[in-house]
Amino acid sequence: MTSNDFSTAHPASRPELESSSAATVSAGPSLGPTPADLLRRLRARGAADPVTHVERVPARPGVPAPWPSWAPPELRAAFARRGVVAPWQHQAQAATLAYEGEHVVVATGTASGKSLAYQLPALATLLADPRATVLYLAPTKALAADQLRAVAALELEGVRPACYDGDTPRAEREWIRRHSRFVLTNPDMLHHGVLPGHAQWSGFLRRLAYVVIDECHTYRGVFGSHVAHVLRRLRRQCARFGSTPVFVLASATSGDPSTAAGRLTGLPVTAVTEDASPRGGVTFALWEPPLLPPDSGPSTPVPPQSTGDHDDLQQVRRSALRETADLLADTVAEGVRTLAFVRSRKGAEVVAANARRALDDAVPGLGDRVAAYRGGYLREERRELERALLHGDLLGLASTNALELGVDLIGLDAVLICGYPGTRASLWQQAGRAGRSGQEALAVLVARDDPLDTYLVHHPEAIFGAPVEATVLDPANPYVLAPQLACAAFEAPLTPADLALFGDGAKEAVDQLVAAGALRQRPTGWYWRHRERPEVDLRGEGGAPVCVVESSTGRLLGTVDGGSSHFLLHSGAVYLHQGVSYVVDDLDLVDGCALVHAEEPDWSTHARDVTDLSVVSVRSYVDAGPVGMFLGEVDVTSQVVSYQRRRIATGEVIDTRPLDLPARELRTVAVWFTLSPQSLTLAGVQPADVPGALHAAEHAAIGLLPLMATCDRWDIGGLSTAVHPDTEAPTVFVYDGHPGGAGFAERAYGTASAWLRATRDAIAECGCESGCPSCVQSPKCGNGNNPLSKPDAIRVLDVVLANLPE
Ligand SMILES: [Zn+2]
Ligand SMILES: [Zn+2]
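Per chain, the residues get numbers from 1 upward, laid out in the order the sequence is written. A letter from A marks each chain and a number from 1 marks each ligand, given out in the order of writing. Local features in this predicted model are restricted to residues whose pLDDT is 70 or higher, and side-chain atom pairs enter the listing and the counts only when it is 80 or higher, whereas totals over whole chains, interfaces and linings include all residues. Think of the side-chain values as coming from all heavy atoms in the structure, minus any hydrogens and water.

**Student:** Go over the nonpolar core with me, naming the residues and quoting the values.
**Tutor:** In plain words, nonpolar cores are sets of buried Ala, Val, Leu, Ile, Met, Phe, Trp, Tyr and Cys residues tied together by side-chain atoms within 4.5 Å. Burial classes: relative accessible area under 20% of the type maximum marks a residue as buried, over 50% as exposed, and values in between as partly exposed (1.4 Å probe, protein chains only). Phe 284 and Trp 755 are the most contacted members of the largest nonpolar core, which totals 87 residues. Numbering of helices and strands runs from the N terminus; a helix is a DSSP stretch of H or I covering at least four residues, while a strand is a stretch of E covering at least two. A total of 9 residues in this core trace back to one element, the largest contributor, which is helix α24 (residues 690–704). As annotated, the domain borders come from an automatic or database domain assignment. A domain-level breakdown of this core finds at least three residues from each of domain 2 (282–291 + 316–465) and domain 5 (603–803). Among the nonpolar cores identified, the runner-up in size contains 41 residues, and Ala 95, Ala 122, Tyr 136 and Tyr 210 belong to it.

**Student:** Just give me the short version of the sheet that holds strand β8 (residues 246–251), but keep the residues and values in it.
**Tutor:** Sheet strands associate in pairs through backbone hydrogen bonding, adopting either a parallel or an antiparallel arrangement. A sheet is described by the order of its strands in space; here 7 strands give the open sequence β5-β6-β4-β7-β8-β3-β9, paired in parallel fashion. Both outer strands of the open sheet, β5 (161–163) and β9 (270–272), are each paired with one neighbouring strand and no more. Each strand axis lies, on average, 20° off the axis of its neighbour in the sheet, ignoring direction. Two strands make a pair as long as DSSP finds a minimum of two bridges between them. In this structure, strand β4 (residues 133–137) lies alongside strand β7 (residues 208–213), joined through 5 bridges in parallel fashion. If you follow Val 134 over to β7, its bridge partner there is Tyr 210. Here helix α5 (residues 114–128) sits on the sheet and contacts β3 (104–107), β4, β6 (182–185), β7 and β8; the angle it forms with β7, its principal contact strand, is near 170°. Every axis in this analysis is a line fitted to C-alpha atoms, fitted for helices over the stretch in contact. Angles between the N-to-C directions lie between 0 and 180 degrees. Pairs of residues are marked as contacts when any of their non-hydrogen atoms sit within 4.5 Å.

**Student:** A description of the packing of aromatic side chains should follow, citing residues and the corresponding values.
**Tutor:** Only the six-membered ring of Trp is used, alongside the rings of Phe and Tyr, when aromatic pairs are assigned; centres must lie within 6.5 Å, and planes under 30 degrees apart are stacked while those over 60 apart are edge-to-face, with the rest tilted. The full count for this structure, using the stated rule, is 12 aromatic pairs. For the ring pair Tyr 118 and Tyr 136, a centre distance of 5.9 Å and an interplane angle of 50° mean the geometry is tilted. Linking Tyr 118 in helix α5 with Tyr 136 in strand β4, this pair joins segments that are 18 residues apart in sequence. As far as burial versus exposure is concerned, Tyr 118 and Tyr 136 are alike and both buried. Here Trp 672 and Phe 733 contribute two aromatic rings whose centre-to-centre distance is 5.4 Å and whose plane-to-plane angle is 40°, an arrangement assigned as tilted. Of the two residues, Trp 672 is situated in strand β27 (residues 664–675) and Phe 733 in strand β29 (residues 731–736); the sequence distance between them amounts to 61 residues.

**Student:** I'd love a proper account of the sheet that holds strand β11 (residues 338–342), names of residues and values included.
**Tutor:** Read across the sheet, 7 strands follow the order β2-β10-β16-β15-β11-β13-β12 without closing on themselves; strand pairing throughout is mixed. Two strands close off the open sheet at either side, each with one partner strand: β2 (51–57) and β12 (370–373). Taken pair by pair, the neighbouring strands of this sheet meet at an average axis angle of 15°, ignoring direction. Note: strand β15 (residues 414–418) against strand β16 (residues 441–446), 5 bridges, orientation parallel. The partner of Leu 416 across the bridge, within β16, is Val 444. Strands β2, β10 (282–287), β11, β15 and β16 of the sheet are contacted by helix α16 (residues 424–431), whose axis makes an angle of about 150° with β15. In the packing of helix α17 (residues 451–458) onto the sheet, contacts are made with β2, β10 and β16, and the angle to β10 comes to roughly 130°.

**Student:** A description of the pattern of salt bridges should follow, citing residues and the corresponding values.
**Tutor:** In what follows, salt bridge is the name for a side-chain nitrogen of Lys or Arg lying within 4 Å of a carboxyl oxygen of Asp or Glu. Under the criterion given, the structure shown has 28 salt bridges. Between Lys 507 and Asp 511 there is a salt bridge; the shortest N-O distance is 2.9 Å. Taken as a pair, Lys 507 and Asp 511 lie in helix α21 (residues 506–515) at a separation of 4 residues, close to a single helical turn. Overall, the relative accessible area of 44% leaves Lys 507 in the partly exposed class. A salt bridge links Asp 655 to Arg 657, with the shortest nitrogen-to-oxygen separation between them at 3.2 Å. Salt bridges sharing partners connect three or more residues here, namely Arg 45, Arg 318, Glu 323, Asp 326 and Asp 330.

**Student:** Summarise the coordination of the zinc ion (ligand 1); cite the residues concerned and give the values.
**Tutor:** Coordination of the zinc ion (ligand 1) by the protein comes from Cys 766 (SG), Cys 768 (SG), Cys 772 (SG) and Cys 775 (SG), over a distance range of 2.2 to 2.3 Å. Here the zinc ion (ligand 1) is ringed by 4 donor atoms whose angles at the metal span 99 to 118°, and the overall shape comes out tetrahedral. All donors of the zinc ion (ligand 1) come from a single chain, and their spacing in sequence reads C-x1-C-x3-C-x2-C. Coordinating donors are taken as N, O and S atoms within 2.8 Å of the metal, stretched to 3.2 Å for Na, K and Ca; because water is absent from the atoms, sites can appear incomplete. When four donors show all angles between 85 and 135 degrees the site is tetrahedral, when four or six donors have opposite pairs over 155 degrees and all other angles between 65 and 115 it is square planar or octahedral respectively, and in every other case it is irregular.

**Student:** Can you break down the coordination of the zinc ion (ligand 2) residue by residue, with the values?
**Tutor:** Those protein atoms acting as donors to the zinc ion (ligand 2) are His 695 (NE2), His 699 (NE2) and Cys 781 (SG), and they sit at 2.0 to 2.3 Å. Site description for the zinc ion (ligand 2): donor spacing in sequence, H-x3-H-x81-C. Here Cys 781 lies in the loop between α26 (752–765) and α27 (790–803) and His 695 lies in helix α24, a separation of 86 residues in the sequence. For His 695, a relative accessible area of 5% gives the class buried. Of the residues examined, Cys 781 reaches a relative accessible area of 12% and is grouped as buried.

**Student:** Go over unusual backbone geometry with me, naming the residues and quoting the values.
**Tutor:** Here the residue pair Asn 786 and Pro 787 is connected by a cis peptide bond, since its omega of -5° sits within 30 degrees of zero. Positive phi values are uncommon outside glycine, yet Glu 155 reaches one of about 50°. With respect to the element layout, Glu 155 can be found in the loop between α6 (141–152) and β5. Using a relative accessible area of 62% as the deciding quantity, one classes Glu 155 as exposed. Of note, the phi angle at Glu 215 is positive, near 50°, even though the residue is not glycine.

**Student:** So what's going on with the packing of helix α12 (residues 320–333) against helix α13 (residues 345–362)? Which residues, and what values?
**Tutor:** Angle between the axes and distance between the axes: these two values describe a pair of packed helices. For the pair α12 and α13, interaxial distance at closest approach is 8 Å and the crossing angle is 50°. With respect to each other, α12 and α13 are oriented oblique. Where α12 crosses over α13, the two elements pack in a sense that is right-handed. Between α12 and α13, the contacting residues are Leu 321, Thr 324, Ala 325, Leu 328, Ala 329, Val 332 and Ala 333 on the first element and Gly 347, Val 351, Asn 354, Ala 355, Ala 358 and Leu 359 on the second. Any residue that is not Ala, Val, Leu, Ile, Met, Phe, Trp, Tyr, Cys, Pro, Asp, Glu, Lys or Arg is counted as polar, Gly included; the first ten are nonpolar and the last four charged. For the contact of α12 with α13, the class distribution of residues is 10 nonpolar, 3 polar and no charged. Between 65 and 115 degrees an angle is taken as roughly perpendicular, under 35 as roughly parallel, over 145 as roughly antiparallel, and anywhere else as oblique. Handedness of a crossing follows from how the near helix is turned relative to the far one, being left-handed for an anticlockwise turn of less than a right angle and right-handed for a clockwise one.

**Student:** Any chance you could break down the pairing of β29 for me, citing the residues and the numbers?
**Tutor:** Extensive coverage of β29 is indicated by the burial of 6 of its 6 residues. Here β29 shows a buried face lined by Thr 731, Phe 733 and Tyr 735 and a second buried face lined by Val 732, Val 734 and Asp 736. As paired elements, β27 and β29 share 5 bridges and run antiparallel to each other. If you follow Thr 674 over to β29, its bridge partner there is Thr 731.

**Student:** Which residues make up helix α4 (residues 89–99), and what values do they have?
**Tutor:** Taken together, the buried positions of α4 are His 90, Gln 91, Ala 92, Ala 94, Ala 95, Leu 97 and Ala 98. The secondary structure elements touched by the buried residues of α4 are β3, α5, β7, β8 and β9.

Right, dumping it as structure tokens:
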């Protein structure tokens, strides 16, 4: 982990700090007001108090534990040389469970020292058994490189740690396979390199004692489902060579880490969640920007520049960007060192520019003490900004989360978070930038106009209480299972006994592979029929990705997954890439390539689509009187048919242009609920308002799903209708936007009453009159947010909640 949080100075968190490749910049002593005073002054600015909640997160002393008796003296001495005098209790507990052979996941806060929890048992075993080996998996090469430095710094004899990834020179690979006993790699390399070449790895795998899976919460959705099978393939090869490694996983705090880790590995996993590391105190405020006066007209409230988020929706609430810019100006004027996190690069620049302007208006020249910070700066530019902040020449920085990759800035007096960053882990990571030893700091979450943000600022327990958001994946997804079984069969013929390892649906998938001519069945098992190995991309989703290429230079700007390409890259689309605006000249579907040129027109584009959905099968359902709740397979057909151009400054529609794109089909998993028409009439929803009521409920429900499962609203689709031919009733569908499903709809079904309760509350608690982006409007609506009925959406959800069992 490269980041730091509340526990900055204690020796036992050193392994995490040491592993950071980034420089750590710590500001000098604070001269500004106390967090409580500062917050009081910020709140006193406007007419209405925008603060919905203040949480004092008290400083927490660490709870150290003695070194476990099994930890050899030379290992303790090595850690002591790195400044670790004793483990924290959670580290010792997880390490001992793992040493005793239990699969364990340690799910505690950022920089709580999770690495010690796996380094301790793994290295103790390597020292005790000179033949044993350890395999470490990180989601990124950079993290693996950080861990390599941390393990190498311990200078333990005979461990010979080494990274093995795409960048490893051929000449070194053989040496690593033969001699390294602590190999650090990533799931892609395990999938493409290690497992297909298992014969060369037989010595290593035969002696494999531990598999460490770091940052395991990043393995979610379709990617996570692929990784789950890569791990099953690893376990199969280990079993063939006679080893049964212990799995140790490290996760961000999340709901139910034991279940998520169990799904990922296919093994029973014990969770350690009690964080015993120390942290500094933080005053944490939840801030909801005020509603705009109704007569302020459509042209004033829009930010001066488009940020690509919600340009199309009529704003009724002051924008989070403006609010954050004002807060940044105010804290800087107080002499408080402040970091503002903004989701987009352009947004960060808008915040910095507005804060500078406000400061210069107050005191000419004061604006120079605020800057924007983003990825893509040259190393020297970044160092200069860090130096300026360290010395107090600079007091305010507006940054995207690129900062997390560039440098560790710690010991700031205040952190402003413009919009919920999507997960609690990121939220705490950003808030953790505030606070220096012995001093309290201020953190402020400024709600964006999004139903999830609205919910969170009114439900502090969702932020400060026990986590509910879970990492979800679905290894049973047939679109993942079949190609993974093909990979497994290439590595060694599949036997009937293997099928249990790959879970439900494996037999069916194997039969399909036989029917398709990929596998041949023999008395001894199923054989891969081809010479070449199956081509399977762990990160491939929704068809081949579309390349975005700048016409004039041929430069590849990036890729967009096939599923979103029609929406984002149709001819004429305005496409934002890292905050820079491009216009699409041509989308070539045959070559999977969109040609673009840099241009910043004063309009934005909004694709419209037509979606059709049919129910294929029902997996599970709850019959609750007038309400039905279902989980099942569906076929979704959608076609992007046109796009609107809208003036950025006013939201005015310039024109609607037709598009000629083919329909796309998706077989996936959906959750849906139905209501009887009578129950709606009884609840006061007029028949003419049913479509708007269901549509509004659908939008908000999609917006709130990230509360229950780590996903993005772009991972999910929805459809609502006053009567659906398959259900013959008013129905709201919410489906996974990935072929075969990714676990999101399933999680929604499993937590349906909590999910829809939160949805209902987010709508009801939004102070707007008739619906806004903070509650029922959606930035990705294919129908232009029409029709929508906010009050009737609450009635619909009340009917569902009144009937659905908890
Ligand atoms: Zn609203
Ligand atoms: Zn919609």
